[in-house]
Amino acid sequence: MMEPLIVVCVVVLVLFAAIAGILSRYRKCPSDKVMVIYGKVGTDHDGQARSAKCIHGGAAFVVPVLQSFQYLDLTPISINVDLRNALSKQNIRVDVPSRFTVGISTEPGVMQNAAERLLGLKLNEIQELAKDIIFGQLRLVIATMEIEEINTDRDKFLLAVSKNVEIELKKIGLRLINVNVTDITDESGYIEALGKEAAAKAINDAKKNVAEKDRDGEIGKALAQKDQRIQVAAANASAIQGENDAKIEVAQSEANRREKEADALRIATAAEAVQAARAKQEAYVAQQEAENTRAQLEKATQQADVIVKAQIQKEQAEIAAEAEAEVMRRKARGEADAIYAKKSAEARGAQEILEKQAEGMRKLVEAAGGNSDDAVKLIVADKLEELVRIQVEAIKGVKIDKVTVWDGGSKSDGKTATADFLSGMMKSVPPLNELFRQAGMELPGLLGKEHEAETTGAAELPTENDR
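Residues numbered from 1 in each chain as written. Predicted model: local features only at pLDDT ≥ 70, side-chain atom pairs only at ≥ 80, totals over all residues. Heavy atoms only, no water.

Another point: the confidence of the model for the protein. When pLDDT is averaged across the protein, the result is 77; 78% of the residues are at 70 or more. Here helix 8 (residues 417–427) stands out as the least confident element of the protein, with mean pLDDT 59; helix 3 (residues 123–143) is the most confident, with 89. With pLDDT under 50 throughout, residues 451–467 is counted as low confidence; its partners more than four residues away or in other chains account for 8 contacts. (pLDDT = per-residue confidence, 0-100. Helix = DSSP H or I, 4+ residues; strand = E, 2+ residues; numbered from the N terminus. Contact = heavy atoms within 4.5 Å.)

Turning next to the pattern of salt bridges. Per the counting criterion, the structure on display carries 17 salt bridges. In this structure, R258 engages E254 in a salt bridge whose closest nitrogen and oxygen atoms are separated by 3.6 Å. Separated by 4 residues within a single helix, R258 and E254 lie in helix 6 (residues 190–367), roughly one turn from each other. A relative accessible area of 56% means that R258 is categorised as exposed. On the accessibility criterion, E254 (29% relative accessible area) is partly exposed. Between E346 and K343 there is a salt bridge, and its shortest N-O distance comes to 3.9 Å. Separated by 3 residues within a single helix, E346 and K343 lie in helix 6, roughly one turn from each other. On the accessibility criterion, E346 (41% relative accessible area) is partly exposed. (Salt bridge = Lys/Arg side-chain N within 4 Å of Asp/Glu carboxyl O. Buried < 20%, exposed > 50% of the residue type's maximum accessible area, 1.4 Å probe, protein only.)

So, on to the pairing of strand 7 (residues 93–104). With respect to burial, strand 7 is a largely interior element, 9 of its 12 residues being buried. Inspection of the sheet shows strand 6 (residues 77–87) paired to strand 7 by 9 bridges, in the antiparallel sense. Bridging from a neighbouring strand, L83 pairs with V96 of strand 7. In this antiparallel pair of consecutive strands, strand 6 and strand 7, the connection spans 5 residues, and N91 shows a positive phi of 60°. By the bridge criterion, 2 bridges tie strand 7 to strand 9 (residues 185–186) in an arrangement that is antiparallel. Counterpart to V94 in the pairing with strand 9 is D186. Relative to strand 8 (residues 174–181), strand 7 is paired through 7 bridges, and the arrangement is antiparallel. Residue pairing for strand 8: F100 is matched across the bridge by V179. (Pairing = 2+ DSSP bridges.)

This is the structure in structure tokens:
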């Protein structure tokens, strides 16, 4: 039994190890890297065996033994290119210090170049390789351009550098990210001379412009003086007329001013009076509104005090009454439950007593052979002594100190007065037959029959002859 179990465990462990090994060979490529899978990676479109397979993003399965992998970092690489004595088109040597920023390209074909030429190289080795390419292309571009173009048209220079350098960098799997030329100088001073020439030309042009402006100024000044004299004379003549007209207009204006000032003063005085009256009226209205508001506030405050207090007292009384009513209801429910429990217990007790009595009567009837009359006779016979005792007890406590009987002799029926007295006393005790009749039963025959003269209401006593 143990051997199959061991075999199953071994198979499971082998499968688990195989799955774990397969999963460990499934590699995910980060976004800032290029994963290069090399070994047996298949063929290209031409049917030739590929040297490597490049993946940027995503994941791939690396076949054990047949394949392996490495990463190329996409972090930008900054290269300081301090170019000295580069020969320009005019055979003038210039210095072009600059900084280039490059990185691994993610284009499919260029990535393949990077995998073939940069895989396994360190960062400084990649920098030196790119620096050599940049130096060569930068010298080539400078050799095709004049100093004036390099110095004045920087965009053209940078475009030419970027185009040439990027073409060469792609051959090793790199791409150009940025070019920054800090300054351009030369040992012969040509660029400085160009600057001085431009400055001198600008200065001379400025002086010429100043002289021309001075000439134009003097001519204009003379013409202006001539015109000034002519216009001054005309102006003087016109000025006198103008002064007179002005004086008239001033006088008229002064009169109009005084008239308008008077009207304005009158209007202002009236307006001030109106505004003062209106302000007083508005003040009275505002004061009246304030008084009304204050009265309403005091009225509302008093109403709130009285009504809120009354409402609070009312709610307190309602809550107290409700609480007292709830107490009374709960007390009544408790008393009712107690009475109900007591009555239920008494009813159950009475029911059990009656059931026991009924059970006893049933057994007594069964003992009497099923005859209810015989059963009653047995009960009466059992209680006869007690019934007689009760009759005797009825007159036992009567205290008679002295009984005087006036006996007048025998009556027509043969009875004496003494006999009637004794018979009446005995009749004051309920006879057994009457008791049984009130109970809805008949006295058994063994206890004697009633006299046929029962209609008279008395049983016949034995006579002396009967005795």
